[in-house]
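Descriptive analysis of the structure
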Amino acid sequence: MCASHCGGACLLKVHVRDGIITRIETDDGEEPQLRGCLRGRAYRQRVYAPDRLLYPLKRVGQRGEGKFERISWDEALDTTARELLRVRDTYGPASIILAQMTGDVCSLNNFGAMDRLLSMAGGYTSPWGVTSFQGGVYASLVTYGTWFCSNTRDDLLNSRLIIMWGWDPASTVTGPNTCWYLAQAREAGARIICVDPRYTDSAATFAHQWIPIRPGTDTAMLLAMAHVMIREKLHDQAFLSTYTVGFDRFSDYVMGAEDGLPKTPRWAEPITGVPAATIEQLAREYATTRPAALMTGIAPGRTAYGEQYHRAAITLAAMTGNVGVHGGDAGARAWESVMGGFPYPVNSMISAIPRVSNPVEKAFPRTAGPLFYRRPRIHFSRLADAILKGKAGGYHADYKALVVAQCNYLVQFPNSNKIARALMSLEFMVL
Ligand code: SF4
């Protein structure tokens, strides 16, 4: 299967001659196929890319200077073992951080091996949280109690209206055959609207209407849509009364009873750049077309207070009675219909490497939290701060070594400049 991180896990038939990949085909069997996209079918170029790292490198210049030299595997392993043991014995195992993310979902090269190694060698400090979609996870958990909320993709065929909000499956796929079902839904007469700052491939291919919006202002537009629904009594009060709590307070906030500021489409227009009339049109359409799927991408939630975008979308899904019905959608992060976005449990491949408990965490009771939270873990967004301040900043240890697995800590996480400063202060780092 394709191990790319899109979540598709599509079938790849890799033709090999004399140990060399000659071409890659994909599923051409019965529908629905697990048909790979161009990215997966171009894997050969990735395997043989000239800039791919094929052997260990050691930094020879200043950190950040970009000067490396090739070393043997023996030297790489010896150096890594020696330095990790030195840091462990000098400062304690908690001073070693393993920054791991899921990267490509590989069965061999995943963080499970390093987790096991470090745990068996005395333990390490682990980050918690997800930088990719923390806002969506948080909103889903506090609202639904689970982050597996979407209808399955084939259920789009039952939708009469599909709103692609910050959601571009033509590029990011987010589960196999999403575009295949979208195409069929459109052919079957579903109306498709895209709300996105960019005229995406998905907008160009599927959308009857594209509504550009200023990045990071999605919550304001969703609140204004709620205002229209409440004002015009278009919301599904029976659904809200039966299945939800708290709508009265939300309504007070939206209508301005709480803060004297009604969240009208006119209020939202200068914030979002979307004309008030367009906001009203979309609100009426969503409230009166049943069933309707509000498919919310994770990009709008990757902003300050991005969880509020997800919470607002979830609230609109409930206001329109589209939660738990065929052709609807829960309005949560539109990527998690089965296993956190993956069509089958790839996590079992990671856990195929037997895990052992991390001694650094052993003394601490498991604590309820948004995702994987457990003392003395550090949230991903605070790692750099923790490295820079250590115990003096209230953290559990002074952090001296960093092991990075399946991610690029410098460029994939918030505040690269602070991360760069933090990396400069480390005694040892290995990726
Ligand atoms: S859709 Fe995703 S899993 Fe499938 S081939 Fe493309 S990148 Fe790979």
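This report concerns the structure included in the present document. (Residues numbered from 1 in each chain as written. Predicted model: local features only at pLDDT ≥ 70, side-chain atom pairs only at ≥ 80, totals over all residues. Heavy atoms only, no water.)

This next bit is on the overall build of the protein chain. Counting its regular elements, the protein chain contains 18 helices and 13 strands. For a compact globule of 431 residues, the expected C-alpha radius of gyration is about 22 Å, and the protein chain comes in at 24 Å, within 12% of that figure. Oriented by its inertia axes, the alpha-carbon framework of the protein chain measures out at about 70 × 60 × 35 Å. By residue count, 48% of the 431 residues in the protein chain fall in the buried class. For the protein chain, the proportion of contacts with a sequence separation of at least 24, taken over those separated by at least 6, is 69%. Carbon together with sulfur atoms contributes 54% to the accessible area of the protein chain, which is approximately 21,200 Å² in total. (Helix = DSSP H or I, 4+ residues; strand = E, 2+ residues; numbered from the N terminus. Rg over C-alpha atoms; globule rule 2.2 N^0.38 Å. Buried < 20%, exposed > 50% of the residue type's maximum accessible area, 1.4 Å probe, protein only. Contact = heavy atoms within 4.5 Å. Areas by Shrake-Rupley, 256 points an atom, 1.4 Å probe, with all protein chains shown as cover.)

What follows concerns a nonpolar patch on the surface. Side chains of Leu 53, Leu 54, Tyr 55, Leu 57, Phe 68, Trp 73 and Leu 77 sit close together on the surface and give an oily, nonpolar patch of about 800 Å² of accessible area. Tracing the backbone shows Phe 68 in strand E4 (residues 68–70). (Patch = residues over 30% accessible without salt bridge, like charges linked within 9 Å, V, L, I, M, F, W, Y side chains within 5 Å. Salt bridge = Lys/Arg side-chain N within 4 Å of Asp/Glu carboxyl O.)

Moving on: the packing of helix H9 (residues 218–231) against helix H14 (residues 306–319). Where H9 contacts H14, the two axes come as close as 8 Å, and the packing angle between them is 25°. Between H9 and H14, the angle is such that the two are roughly parallel. Where H9 crosses over H14, the handedness of that crossing is left-handed. Of the residues in H14, those in contact with Asp 218, Thr 219, Leu 222, Met 225, Ala 226, Met 229 and Ile 230 of H9 are Gln 308, Tyr 309, Ala 312, Ala 313, Leu 316 and Met 319. Classifying every residue of the contact of H9 with H14 by side-chain character gives 10 nonpolar, two polar and one charged. (Axes fitted to C-alpha atoms, helices over the stretch in contact; angles between N-to-C directions. Parallel < 35°, antiparallel > 145°, perpendicular 65-115°, else oblique. Left-handed = near helix turned anticlockwise from the far one by under 90°. Nonpolar A, V, L, I, M, F, W, Y, C, P; charged D, E, K, R; others polar.)

Within the secondary structure, Phe 380 sits in the loop between strand E11 (378–379) and helix H17 (383–389). Relative accessible area serves as the criterion here: at 3%, Phe 380 is assigned to the buried category.

Before going further, it helps to examine the site of the ligand. Around the ligand, the neighbouring residues are Cys 2, Ser 4, Cys 6, Gly 8, Ala 9, Cys 10, Gly 36, Cys 37, Arg 39, Gly 40 and Val 173. Partitioning the shell around the ligand into residue classes produces six nonpolar, four polar and one charged. (Near = heavy atom within 4 Å.)

The next subject is empty space enclosed by the protein. Following the criterion strictly, the structure yields one cavity of 30 Å³ or more and no others. Roughly 40 Å³ of internal volume is contained in the largest cavity. Surrounding the largest cavity, Asn 151, Thr 152, Arg 153, Asp 155, Leu 156, Ser 159, Met 295, Gly 328 and Asp 329 form its lining. (1 Å grid on protein atoms, 1.4 Å probe; cavity = no way out; pocket = protein on both sides within 12 Å on 5 of 7 lines; lining within 4 Å. Points joined across faces, edges and corners; volume = space filled by probe spheres on them.)

Picture the strands of a sheet paired through backbone hydrogen bonds; they go either parallel or antiparallel. Strand order in the open sheet formed by four strands is E9-E8-E7-E10, with parallel pairing between adjacent strands. Of all strands in the sheet, those with a lone pairing partner are strand E9 (209–211) and strand E10 (292–296), marking the two edges. Strand-to-strand twist in this sheet, taken as the mean axis angle between neighbours without regard to direction, amounts to 15°. Here strand E7 (residues 161–165) pairs with E10 via five bridges, running parallel. Its bridge partner being in E10, Trp 165 is matched across the sheet by Thr 296. (Pairing = 2+ DSSP bridges.)

Before going further, it helps to examine the packing of aromatic side chains. For the structure shown, the criterion picks out six aromatic pairs. Relative to Tyr 243, the ring of Phe 239 has its centre 4.8 Å away and its plane inclined at 50°; by these criteria the two rings are tilted. In this pair, Phe 239 and Tyr 243 both sit in helix H10 (residues 237–243), four residues apart, roughly one turn of the helix. Classification of Phe 239 by relative accessible area gives buried; the value is 13%. Given a relative accessible area of 61%, Tyr 243 falls into the exposed group. Grouping aromatic residues by their ring pairs yields a cluster made of Phe 380, Tyr 409 and Phe 413. (Phe/Tyr/Trp six-rings, centres within 6.5 Å; stacked < 30°, edge-to-face > 60°.)

Across all of its chains, the model carries 19 salt bridges by this definition. Between Arg 231 and Glu 280 there is a salt bridge, with the nearest N and O atoms lying 3.6 Å from each other. Note that Arg 231 is positioned in helix H9 and Glu 280 in helix H13 (residues 276–288), a separation of 49 residues in sequence. For Arg 231, a relative accessible area of 38% translates into the label partly exposed. Residues Glu 361 and Arg 377 are paired through a salt bridge, measuring 2.6 Å at the closest nitrogen-oxygen approach. Within this pair, whereas Glu 361 is found in helix H16 (residues 359–362), its partner Arg 377 is found in the loop between H16 and E11, the two being separated by 16 residues in sequence.

Moving on: the nonpolar core. Counting residues in hydrophobic clusters, the biggest one holds 43 residues, and the most contacted among them are Trp 165, Met 221, Met 225, Leu 282, Tyr 286, Leu 316 and Met 319. Put simply, the parts of the chain that give this core at least two residues each are E7, strand E8 (191–195), H9, H10, helix H11 (247–255), H13, E10 and H14. Among residues more than four places away in sequence, those in contact with Leu 282 are Ile 163, Trp 165, Ile 193, Val 195, Ile 211, Met 221 and Met 225. Of all hydrophobic cores here, the second largest spans 23 residues; its members include Ile 378, Ala 384, Tyr 399 and Leu 426. (Core = buried A, V, L, I, M, F, W, Y, C linked by side-chain atoms within 4.5 Å.)

Fair warning: the whole summary comes from geometry, so function is off the table for now.
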